[in-house]
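Each chain, written out:
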Amino acid sequence: MFDYLIQNVRILDGSGAPAYDGSAALEGGKIAAVGEIAGGEAACVIDGRGRFLTPGFIDIHRHADAALLRPDFGRAELKQGLTTILNGNCGLSLAPVSGPHREAVLEYLAPIVGRAEADFPRLADYRRRANEAPLPLNAGMLAGMGTLRACAAGFRDGALTDGEYRRIHAALEEALADGALGVSLGLGYAPECFYTTEELIRALAPLRRSGRVITVHTRQEGDGVVEALTEMLAVARALETPVEISHLKAIGRRNWRKAVPKMLQMLADARAEGLDAACDAYPYPAGSTQLIHVLPPEFQAGGVEALTAALRDPGDRRRMRRRMETGTDFENIVSLVGFENIHAISLRLPEHAELEGRTLADIAARQGKDPYNALFDLLAAERCGPAMIDFFAHQADVEDILRAPFSGVISDATYPEGLPHPRVYGAFPRLLEIYVRHRGVLTLEEAVRKLTRQPADRFGLVGKGRIEAGADADLCLFALENIHEKSTWQSPRQPAEGMDWVFVNGVPAIREGTFTGENAGRHL
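Within each chain, residue numbers correspond to sequence positions counted from 1 in written order. Reporting in this predicted model follows two pLDDT cut-offs: at least 70 for local features of residues, and 80 or more for side-chain atom pairs to be given and counted; totals over whole chains, interfaces and linings ignore these cut-offs and use all residues. Computation of side-chain values covers all heavy atoms of the structure but excludes hydrogens and water.

Undergrad: Before we go on, may I ask you to explain helix α10 (residues 314-326) in this structure?
TA: For an α-helix, the turn length of 3.6 residues means that residues three or four places apart are oriented alike. Starting at the N terminus, helices and strands are each numbered in turn, a helix being any DSSP run of H or I of at least four residues and a strand any DSSP run of E of at least two. Multiplying 1.5 Å by the helix residue count minus one yields the expected span of that helix. A rise of 1.5 Å per residue sets the reference length of α10, with its 13 residues, at 18 Å; its end C-alpha atoms lie 19 Å apart and thus fit the reference within 8%. Summary of the burial criterion: residues with accessible area below 20% of their type's maximum are buried, those above 50% are exposed, and those between are partly exposed, where the area comes from a 1.4 Å probe applied to protein chains only. When α10 is considered as a whole, its buried residues turn out to be G315, D316, R317, M320 and M324. The contact definition used throughout considers only heavy atoms, calling two residues in contact when any of these lie within 4.5 Å. In the core, the buried residues of α10 are packed alongside α9 (303-312), α11 (333-337) and α13 (371-381). The definition of a polar contact used here is a pair of N or O atoms within 3.5 Å, where within protein one atom must be able to donate a hydrogen and the other to accept one, and adjacent residues in sequence count solely through side-chain atom pairs. At the N-terminal boundary of α10, the capping side chain belongs to D313, with an oxygen 3.0 Å from the backbone nitrogen of G315.

Undergrad: Honestly, helix α7 (residues 225-239) in this entry has me stumped. Any pointers?
TA: Compared with an ideal rise of 1.5 Å per residue, which puts 15 residues at 21 Å, α7 spans 21 Å between its outermost C-alpha atoms and is within 8% of the ideal. Restricting attention to buried positions, one finds in α7 the residues V225, V226, A228, L229, E231, M232, L233, V235, A236 and L239. Contact partners of the buried residues in α7: β10 (183-186), α6 (197-203), β11 (214-217), β12 (243-245), α8 (259-272) and β13 (277-281). In the segment just after α7, E240 is the residue with positive phi, at about 50°.

Undergrad: Could you clarify how one ought to interpret the pairing of β13 in this entry?
TA: Along a regular strand, successive side chains alternate from one face of the sheet to the other. The buried count for β13 comes to five of five residues, which makes it a mostly enclosed element. Residues A277, C279 and A281 line one face of β13 and the alternating positions A278 and D280 line the opposite face, and both faces are buried. When DSSP finds at least two bridges between two strands, those strands are taken to pair. In terms of strand pairing, β12 meets β13 through three bridges, oriented parallel. In the strand pairing of β13, V243 is matched with A277. The β-α-β motif built from β12, the intervening α8 and the parallel element β13 has right-handed crossover chirality. Two elements, β13 and strand β17 (residues 407-409), share three bridges in a ladder whose sense is parallel. Bridge assignment links A281 to a residue of β17, and that residue is V409. The handedness of a crossover follows from its direction of travel: if, with the strands pointing away from the viewer, the path from the first strand over the helix to the second runs clockwise, the crossover is right-handed.

Undergrad: In this structure, what is going on with the sheet that holds strand β16 (residues 387-391)? I would like to understand it.
TA: As a general point, the strands of a sheet are linked pairwise by backbone hydrogen bonds and lie either parallel or antiparallel. Spatially, three strands are ordered β14-β16-β15 in an open sheet, and the strand pairing comes out antiparallel. Both outer strands of the open sheet, β14 (286-290) and β15 (342-345), are each paired with one neighbouring strand and no more. This sheet shows a mean twist of 25° between the axes of neighbouring strands, independent of strand direction. Judged from the five bridges that link them, β14 and β16 form a sheet pairing that is antiparallel. Residue pairing in the sheet places Q290 in a bridge with A387 of β16. A fitted line through C-alpha atoms represents every axis, and for helices the fit uses only the stretch in contact; the resulting angles, taken between N-to-C directions, go from 0 to 180 degrees.

Undergrad: Can you help me understand the packing of α9 against α10 in this one?
TA: Geometrically, a packed helix pair is captured by the angle between its two axes and the distance between the axes. Contact geometry of α9 with α10 gives a least axis separation of 5 Å together with a crossing angle of 95°. As far as their axial angle goes, α10 and α9 are roughly perpendicular. Within the contact between the two elements, α9 uses L307, A310, L311 and R312 and α10 uses P314, D316, R317 and M320. Each residue receives one of three labels: charged for Asp, Glu, Lys and Arg, nonpolar for Ala, Val, Leu, Ile, Met, Phe, Trp, Tyr, Cys and Pro, and polar for the others, Gly being one of them. For the contact of α9 with α10, the class distribution of residues is five nonpolar, no polar and three charged. Any angle that is under 35 degrees is reported as roughly parallel, and any over 145 degrees as roughly antiparallel; angles of 65 to 115 degrees are reported as roughly perpendicular and all others as oblique.

Undergrad: What is the right way to read the packing of aromatic side chains from this model?
TA: Working definition: an aromatic ring pair is given by the centre-to-centre distance plus the angle between the planes. Think of it this way: a Phe, Tyr or Trp ring, Trp meaning its six-membered ring, pairs with another when their centres are within 6.5 Å, and the plane angle makes it stacked under 30 degrees, edge-to-face over 60, tilted otherwise. Counted by the stated rule, this structure contains 11 aromatic pairs. Between the aromatic rings of F73 and Y415, the centroid separation amounts to 6.0 Å while the plane-to-plane angle is 55°, which identifies the pairing as tilted. One end of the pair, F73, is in the loop between β6 (57-59) and α1 (75-78); the other, Y415, is in the loop between β17 and α15 (423-438), and 342 residues separate them in sequence. For the ring pair Y372 and F376, a centre distance of 6.4 Å and an interplane angle of 50° mean the geometry is tilted. On the criterion of helical spacing, the pair formed by Y372 and F376 is a turn pair, its members being four residues apart in helix α13. Judged by relative accessible area, Y372 falls into the buried class, the value being 10%. For F376, a relative accessible area of 1% gives the class buried. Three or more aromatic residues link up through ring pairs in this structure, and these residues are Y4, W501 and F503. Its guanidinium or amino end placed over the ring of F515, K79 lies 5.4 Å from that ring's centre, counting from NZ or CZ. Geometrically, a charge over a ring is one whose NZ (Lys) or CZ (Arg) sits within 6 Å of the ring centre while staying within 35 degrees of the ring normal. Lying over the aromatic face of Y435, R439 brings its terminal NZ or CZ to 5.5 Å of the ring centre.

Undergrad: Help me understand the environment of I389 in this model?
TA: Mapped onto the fold, I389 is located in strand β16. Along the sequence, I389 and A344 sit 45 residues apart, while their C-alpha atoms lie 6.7 Å from each other. Other than its neighbours up to four places away in sequence, I389 contacts A286, G287, S288, N341, I342, H343, I345, P420, H421 and W489.

Here it is, written out as structure tokens:
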């Protein structure tokens, strides 16, 4: 007898092939049979008439490293149909963290990956802790190369010593042995922004011809984004290793409709020559990261303590301002999008509560300050903790990236204390509702492929992302017309609507739209 028999559904198997009518039987956490199933008995029979059955959705780019360990985690994800996520992105992973720079590393990581109750000197320690508590969905971890460098050498600028490279290589090999599903880079962040291209290749040397995917937040995503992509393609060629360009974009009006078409062609050309290169994007015209990343990168040397001190020093403030007013050799977000398009979030001080979610231009006007001084004062008072939501993209660029056959779809979700980006709750329903149903940028078959089999195959997630006999029973049952992103910029903490059933390893986490409380996920 089957555990579940889902009948009369339109099956999208994750391959991109057209939907077909059929049934699926689940037993022991696996898909036991699919298609025409005659004579099967089941403990629970579900009539899926008028609905689609798809593999569970996969988000390869989330920052839920610490959030995953919280008892309330998973509802925002499951309501979107997510059954598997990957953490440790942008070079910033909560594990492994150890050594003399431990405190500085954890403080720097906190605004992006959160804070955990325990330390994780090895990735195996993190995986063990994740599997001790029942998980509502499956999760995996990438090894963050920024974390590994910071643990080995701190946040100082300049070349590394031979001994520091040996420590990075040993930590990388240990993390891979402990189960890291790939490696992530954050070349826009300290301390990885201090690498030259040659130094970066040396740091990644253990990955040569390994087949392990390197995901990368490139060195620049604005004026220098094409050159930054050129750099990473050169790195991938040197290492003969797959590369995934994270959240591909072109920041700033002067780069709209210019950089993205060129980069998509560069990726297509690289693939034609045999390089395993791909990209992904989130379906929004705005992103979110730490507010300190509007500052020149050289001021991040030394970590949060040194940067906070610099923000309070009149001479350093003058130098920062001059660089931000004239600099083109770094990701000068203020120059690219303006103070009026940067919203401050995650403000912790009570006196700043009324400023949460407001633009830097608005904050400056309310305080009667010059925008630069308002920014520097805010960051200094909050000890560099705030995040931001910045509106930077052209809608047509977003659509072109999503349409590319080699692009994936991600959320890049972080979990701030204040207003989050709506993508935390709505990225995947938004893709189906806006880009499939309303705008027709993608067919439903193609969208489901990008959310399921494509990421599963790319990261070697065996049994995930497909509807076929023997695959893991991670499944979504829904009517497309009912999928709705409720999360908004003003009120983001609203779970999505429309997922009728969501199965994780054969166990319903959502039953007819209602959470079951079951936790059948595991750390991969």
